[in-house]
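Here's the letter readout for the chains.
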Amino acid sequence: MRLDKYVSQCTGLSRKSVKQVLHQMRIAVDGEPVRNAGLGLSGEETVTLDGHLLTLPGARYLMVHKPAGLVCATEDASQRTVLDLLPGTLASGLQIVGRLDKDTTGLLLLTDDGQWNHRITSPRRTCAKVYCVTTADPIAPSAIQAFRNGIVLKNEPKPTQPAELVIEGSHQARVTLTEGRYHQVKRMFAALGNRVTALHRASVGRIQLDPELPEGHYRTLTEEEVNSV
Ligand code: URA
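None of these values were measured; they are calculated from a predicted model.

A.B. asks: Quick question: what am I supposed to make of the site of the ligand here?
C.D. replies: Residues in contact with the ligand, as listed here, are Leu 100, Asp 101, Thr 104, Tyr 131, His 183, Gln 184, Val 185, Lys 186 and Leu 199. The side chain of Asp 101 places a nitrogen or oxygen atom 2.7 Å from a nitrogen atom of the ligand. Within the backbone of Lys 186, an N or O atom sits 3.1 Å from an oxygen atom of the ligand. Across the complex, the protein chains shield 96% of the 230 Å² of accessible surface that the ligand would expose by itself. It is helix H6 (residues 184-191) that provides the largest number of residues to the shell around the ligand, a total of three residues.

A.B. asks: Help me out: how do you make sense of the pairing of strand E5 (residues 61-66) in this one?
C.D. replies: Among the six residues that make up E5, six are buried, leaving the element largely enclosed by the rest of the structure. Alternating positions in E5 separate into two faces, Tyr 61, Met 63 and His 65 on one and Leu 62, Val 64 and Lys 66 on the other, with burial throughout. Strand direction decides the pairing type here: E5 and strand E7 (residues 105-111), joined by six bridges, are antiparallel. From the neighbouring strand, Leu 62 faces E7, where its bridge partner is Leu 110. For E5 and strand E13 (residues 218-220), the ladder comprises three bridges, and the chain directions are antiparallel. Pairing of Met 63 across the sheet is with Arg 219, part of E13.

A.B. asks: Could you clarify how one ought to interpret the domain arrangement of the protein chain in this entry?
C.D. replies: In many reports, interface size means the accessible area that the parts give up when they come together. Segmentation of the protein chain into domains returns domain 1 (3-53), domain 2 (58-125 + 212-229) and domain 3 (128-204). Distance between the C-alpha centres of domain 1 and domain 3: 40 Å.

A.B. asks: Looking at this structure, I do not really get the nonpolar core. What am I missing?
C.D. replies: Core analysis: the biggest nonpolar cluster contains 32 residues, and Leu 110 and Phe 189 have the highest contact counts within it. Where this core is concerned, the elements lending two or more residues are E5, E7, strand E8 (129-135), helix H5 (142-149), strand E10 (172-177), H6 and strand E11 (196-204). Both of domain 2 (58-125 + 212-229) and domain 3 (128-204) provide at least three residues apiece to this core. Not counting chain neighbours up to four residues away, the residues in contact with Phe 189 comprise Val 133, Thr 135, Ile 139, Phe 147, Leu 165, Val 175, Asn 194 and Val 196. Grouped together as the second largest cluster of nonpolar side chains are 16 residues, Leu 53, Ile 120, Cys 127 and Val 226 included.

A.B. asks: I tried to follow the sheet that holds strand E3 (residues 47-49) on my own but got confused; where do I start?
C.D. replies: Within a sheet, neighbouring strands are paired by backbone hydrogen bonds and run either parallel or antiparallel to one another. With respect to topology, four strands assemble into an open sheet ordered E2-E1-E3-E4, the strand pairing being antiparallel. On the outer flanks of this sheet lie strand E2 (32-33) and strand E4 (52-53), each paired with one strand and no other. Looking at chain direction, strand E1 (residues 27-29) and E3 are connected through three bridges and run antiparallel. Paired with Val 29 across the bridge in E3 is Val 47. Sheet contacts for helix H1 (residues 3-11): E1 and E3; angle to E3, the most-contacted strand, approximately 60 degrees.

A.B. asks: Help me out: how do you make sense of the pattern of salt bridges in this one?
C.D. replies: Working definition: two side chains of opposite charge can pair if their charged atoms are close together. Scanning the entire structure with this criterion turns up 12 salt bridges. One salt bridge connects Arg 60 with Asp 112, and the closest N-O pair in it is separated by 3.1 Å. Separated by 52 residues along the polypeptide, Arg 60 in the loop between E4 and E5 and Asp 112 in the loop between E7 and helix H4 (114-121) bring together distant segments of the chain. In this structure, the salt-bridge partner of Lys 186 is Asp 101, at a minimum N-O distance of 2.8 Å. With a gap of 85 residues between them, Lys 186 in helix H6 and Asp 101 in the loop between strand E6 (95-97) and E7 connect regions that are remote in the sequence. When salt bridges with common partners are traced through the structure, they connect Glu 156, Glu 179, Arg 181 and Arg 187 into a single cluster.

A.B. asks: Whenever I open this one, the side chain of Thr 105 confuses me. Can you help?
C.D. replies: When you line up the elements, Thr 105 lands in strand E7. Given the relative accessible area of 15%, Thr 105 is considered buried. There is a polar contact of 2.8 Å between the side chain of Thr 105 and the side chain of His 200.

A.B. asks: Honestly, H6 in this entry has me stumped. Any pointers?
C.D. replies: An α-helical turn contains 3.6 residues, so a residue and the one three or four places further along point in the same direction. In terms of burial, H6 is largely enclosed, as six of its eight residues are buried. Residues of H6 that are buried include every one of Gln 184, Val 185, Lys 186, Arg 187, Met 188 and Phe 189, and no others. In the core, the buried residues of H6 are packed alongside E8, H5, strand E9 (164-169), E10 and E11. Residue Gly 193 follows H6 closely and has a positive phi angle near 85 degrees.

Criteria and cut-off values
Residues numbered from 1 in each chain as written. Predicted model: local features only at pLDDT ≥ 70, side-chain atom pairs only at ≥ 80, totals over all residues. Heavy atoms only, no water. Near = heavy atom within 4 Å. Polar contact = N/O pair within 3.5 Å; in protein donor to acceptor, adjacent residues only side chain to side chain. Areas by Shrake-Rupley, 256 points an atom, 1.4 Å probe, with all protein chains shown as cover. Helix = DSSP H or I, 4+ residues; strand = E, 2+ residues; numbered from the N terminus. Buried < 20%, exposed > 50% of the residue type's maximum accessible area, 1.4 Å probe, protein only. Pairing = 2+ DSSP bridges. Domains from an automatic or database assignment. Core = buried A, V, L, I, M, F, W, Y, C linked by side-chain atoms within 4.5 Å. Contact = heavy atoms within 4.5 Å. Axes fitted to C-alpha atoms, helices over the stretch in contact; angles between N-to-C directions. Salt bridge = Lys/Arg side-chain N within 4 Å of Asp/Glu carboxyl O.

The structure is reproduced here in C-alpha cells:
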C-alpha cells in the first residue's frame, strides 16, 4: 500500500493533509523521516507520526491468559485452540503473536494487525519476553553465565542470543529472551542437562500479563500497551 494512503487510513487525515505532514518530515518509516507520499509499504514497516505509532482503526489487539492444554493455532482438527477462548465473531481473522507450547501458560497476544505482529516477532527486532521457569533438577549458578554467553541448541549451528537468567529458587528462574526459537527455553535448559517442568510467560516487551486477568480469559489491550511495542 502507498504510504500516503496508509497514513490517511490510520489517522483519518485527508490525502492533502497527509502530504503536508509528509512535507513537514513528521512521518517516519522504520525510524527514518520520509517525504515520499508514493513510497510502497510491504506491511512490515513501522510508521510513526510525530513519534507515535500508527495503527489501523478498528484493528483488534488482545491479551489472553493462556491455560495449559490449548494449542496455539488458529484451527486444529482434533485439539482445542487458544481461539476457542474467544467468541467466534472476535476470533475470526486473528493472528497469534509468538506462539506458546501447549503446556506453557501465561501471556499470549492476538491481533489482526500484521504490521504490529511483525514488530514483536520479527527476528530483526529484539522484543524481550520474560518467562518464569520451574525445572526438574536444581539450577546450577553456572547457568547464568551460560545463558549470557549463548547456548548451542541441538541441531542448530548458531548459539542463542545472550539471555538473562535470574535464579529465584533452587528449581525456579526468570528468563529474558530477545528471540523466539522453537521450544527455546526448554531446549536451553535441556542443553545444560536440566528439564523444564513448568513454563509461564510473564511479559512481552512492556506488556505484562494483567494480574487481574484469570486463566482462560482475555481482554483488549489499552492504547498505551498497543503503542508500547
Ligand atoms: N520456550 C519454550 O520452550 N516454550 C514456549 O512455549 C515458549 C518459549
